[in-house]
Amino acid sequence: MSPGIPLPRGRDSTASEGSSAHEASVLEAAARLRILVHLSRQLAEAEPDLELALDTVCSHLVSVLGDGCAAYLLREDDTSLEPITIRHRDPVRRGLIEQVNQARQLRVGEGFVGKAVASGRPICLPEADPTLLQSTVVPEYRAYLERVGVSSLIVVPMEGKARVHGAFWLARDPGSPPYTQADRELIEAVADCAATALDSLRLHAELREDRRRLAEAASRMSRLQQVTAALSGAATPEEVATVVAQIAVASMEGAAGSLVLPDATGTVLEIAASVGHAHAQHVLKRFQTLPVTADNPVAAAYREGKAFFFEDLASYGAQYPALLPSASEAGYQAAAALPLLARDEVLGVLWVRFATARAFDENERGLMSTMVAQSAQALERARLYTQAKKAVAQRDEFLSVAAHELRTPLTTMKLQVQSLQKSLGRLQAPEDSKSPLLAKAGGVDRQVKRLEALVTDLLDLSRLTAGKLELRLEEFDLQELVREVRERMAEDATRAESPITVHAQGAARGRWDRARLDQVLSNLLSNALKYGAGRPIEVTVTADGDRALLSVKDRGIGIPLEDQARIFERFERAVPGQNYSGFGVGLWICKQIVAALGGQIRVESQPGEGSTFEVSLATRQEP
């Protein structure tokens, strides 16, 4: 029997020899089962300290199977083996085996252990042949064979589901009995348990790594979303610069940072915004402006349009020795110069500093690249917005000046036409010769009024855009204003062959700006006459409690549903511009005036069935 295995006690002498042998066999099998259960439990409960469990297993195997035992695990490189534990009954011999393993790193395929791991098959030498041992072991082990020797050997690989994790090595010294088949089966069972535990450990390690990566990915996504949200609310280049310097640098886990932008000439870089330099403001001031041609990582990133990473102060100093004192004084270890690229143009550079050295792995560089790309897009968007805003302001100023300049000659022309009409009326001449002249004078008067209306629209457009609309509130009856405007436009209605009918029941009094509501109604009626296709027009005025309702209905060409919202925008119309005159601002002006009076305007229309514009007004306005 193998040493260390508890044997059954002897039976009564009257018992048969066969019966005693059978009972001893059963007891030995039970003992081995107990050993296996005990070692299996230790391996199963070893997570996460499996190496300690393997040491305990080897110690136990030495005590029950002798003489020496070792456990080897395959390294991550899959080419070499690491001795996790070495055990022997004799401490001196254990030390000798440890020296052999320290002398060299065992490779897969070398010696008995390496061959078992490479093949995945156990090696069992119940009675080891010295010649075979000498030819198979690594050279460093031959001295141990000569000094101590090995009489019996078992090497069993720990083969898991996806890989061979390592192997158990067991050896008996000369004078000990050979390993039996039962010993081999026990070791193989223990190796299977160890392989299962190592599979579990590997899966748990992979799960932890996956969780770590997911947590890092979630953190990167959260930081990226934070930057995205902050940039989405930044409208001007100054606001974008502040967000990039503060939010983006913090999301990159930087200790400090500066956003550097070119000046108007493109020859000098200037710090537009910075963060985290409270202790080194004097250093920051040295680099407030920087020539584009300077020997500096920020200038280089701007010139070349590529990022530069410095993992530690040594690598930074090696490339820029003249800047090393400033970097040391500022107190940072790592840095990155990140160009902001938009449409193949470098808009600026983000200079980020880190308090500790860092490797800048692929994931980190990817996050920084994405943040910088978003920053560049936001900066480009802000620049375009600022330019557009400036252009709109210049346009509005031009329209305002043009409208004012046109008013003076228009007023003169209007007075001259009126004087001409009066003179023609007093002229003593036959009607047949005077009528054509009066008709021509009337035509000129209408064109002057039309031009005056266009100029008024331009002037109102510039005022409303600049937020300079002034209201002069007074109390009056909306019904009276409607009838007044209808009378004034009677001649236009006659020419358009579209009679205007007013429907009103009772007074509709309120506090409004009379001149501005006159302008709204005149615009709506002008549109109805223009697009009404020579059909009747109806104006309805009603009052309901604290609100008044004004509607203008025509039976003309109508407006498609998809165009009904945009006709209230500036320079928009639902018909071809070459067929109908005007700037396309009348309804926008109406909407702004009605909104300023606390009301609403809307349209209901069907193509070919006409349109109805409704204006709803509160009857009382705050002064």
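Structure: above.
Residues numbered from 1 in each chain as written. Predicted model: local features only at pLDDT ≥ 70, side-chain atom pairs only at ≥ 80, totals over all residues. Heavy atoms only, no water.

### Section: the overall build of the protein chain
Move 1: When its secondary structure is counted, the protein chain shows 18 helices and 19 strands.
Move 2: For the protein chain, buried positions account for 43% of its 623 residues.
Move 3: Here the analysis covers contacts within the protein chain between residues at least 6 apart in sequence; of these, 64% occur between residues at least 24 apart. (Helix = DSSP H or I, 4+ residues; strand = E, 2+ residues; numbered from the N terminus. Buried < 20%, exposed > 50% of the residue type's maximum accessible area, 1.4 Å probe, protein only. Contact = heavy atoms within 4.5 Å.)

### A few points about the environment of Ala565
Move 1: By the element assignment, Ala565 lies in the loop between strand S17 (547-553) and helix H18 (586-596).
Move 2: For the pair Ala565 and Arg602, spaced 37 residues apart in sequence, the C-alpha separation works out to 8.7 Å.

### Comments concerning the nonpolar core
Move 1: In this structure, Leu478 and Leu525 are the most contacted members of the largest nonpolar core, which totals 42 residues.
Move 2: Looking at which element gives the most residues to this core, the answer is helix H17 (residues 514-531), with seven residues.
Move 3: Those residues in contact with Leu478 that sit more than four places away from it in its chain are Ala508, Trp512, Leu517, Val541, Ala548 and Leu550.
Move 4: Listed in part, the 32 residues of the second largest apolar core include Ala241, Met252, Leu261 and Met371. (Core = buried A, V, L, I, M, F, W, Y, C linked by side-chain atoms within 4.5 Å.)

### Some remarks on the pattern of salt bridges
Move 1: A full pass over the atoms with the stated rule returns 28 salt bridges.
Move 2: Where Arg75 meets Glu82, a salt bridge forms, and the shortest distance between an N and an O atom there is 4.0 Å.
Move 3: Its relative accessible area of 32% is what places Glu82 among the partly exposed residues.
Move 4: Among the ionic pairs, Arg602 bridges to Glu604, the shortest N-O distance being 2.9 Å.
Move 5: In the salt-bridge network here, residues are joined through shared partners; they are Asp90, Arg93 and Asp173. (Salt bridge = Lys/Arg side-chain N within 4 Å of Asp/Glu carboxyl O.)

### Concerning the packing of aromatic side chains
Move 1: This model, assessed by the stated rule, comprises 13 aromatic pairs.
Move 2: The interplanar angle of 90° and the centroid separation of 6.4 Å between the aromatic rings of Tyr141 and Trp169 together place this pair among those described as edge-to-face. A residue pair is termed long-range when its members are at least 10 positions apart, and Tyr141 in the loop between helix H5 (130-136) and helix H6 (142-147) and Trp169 in strand S6 (residues 164-172) qualify at 28 residues. Of the two residues, Tyr141 and Trp169, neither departs from the other in class, the shared state being buried.
Move 3: Where Phe310 meets Tyr320, the ring centres are 6.0 Å apart and the plane angle is 75°; that geometry is what we call edge-to-face. Within this pair, whereas Phe310 is found in strand S10 (residues 308-310), its partner Tyr320 is found in the loop between helix H11 (313-319) and helix H12 (324-330), the two being separated by ten residues in sequence. (Phe/Tyr/Trp six-rings, centres within 6.5 Å; stacked < 30°, edge-to-face > 60°.)

### Regarding the sheet that holds S10
Move 1: In spatial order, the strands read S9-S8-S7-S12-S11-S10; together these six strands make up an open sheet with antiparallel pairing. Each of the sheet's edge strands pairs with one partner strand only, and the pair in question is strand S9 (289-291) and S10. Pairs of neighbouring strands in the sheet enclose a mean axial angle of 25°, with direction left out of account.
Move 2: In terms of strand pairing, strand S8 (residues 268-275) meets S9 through three bridges, oriented antiparallel. When the sheet's bridge partners are listed, Leu269 is paired in S9 with Leu290.
Move 3: Along the sheet, helix H8 (residues 237-251) makes contact with strand S7 (256-262), S8 and strand S12 (345-354), crossing S8 at roughly 55°.
Move 4: Packing against the sheet, helix H10 (residues 297-304) makes contact with S7, S8, S9, S10, strand S11 (334-342) and S12, and its axis sits at approximately 150° to S12. (Pairing = 2+ DSSP bridges. Axes fitted to C-alpha atoms, helices over the stretch in contact; angles between N-to-C directions.)

### Observations concerning the environment of Ser369
Move 1: In this fold, Ser369 is placed in helix H13 (residues 362-426).
Move 2: Its relative accessible area of 47% is what places Ser369 among the partly exposed residues.
Move 3: Taking the C-alpha atoms as reference, Ser369 lies 8.8 Å from Ala307; in sequence the two are 62 residues apart.

### Notes on the sheet that holds strand S19 (residues 610-618)
Move 1: If you trace the five strands from one edge of the open sheet to the other, you get S14-S16-S17-S19-S18, paired in mixed fashion. Looking at which strands have only one partner, the edges of the open sheet turn out to be strand S14 (500-504) and strand S18 (600-606). Neighbour-to-neighbour, the strand axes of this sheet turn through a mean angle of 15°, independent of strand direction.
Move 2: Against the sheet, H17 makes contact with S14, strand S16 (537-544), S17, S18 and S19, and its axis sits at roughly 25° relative to S17, the strand it touches most.

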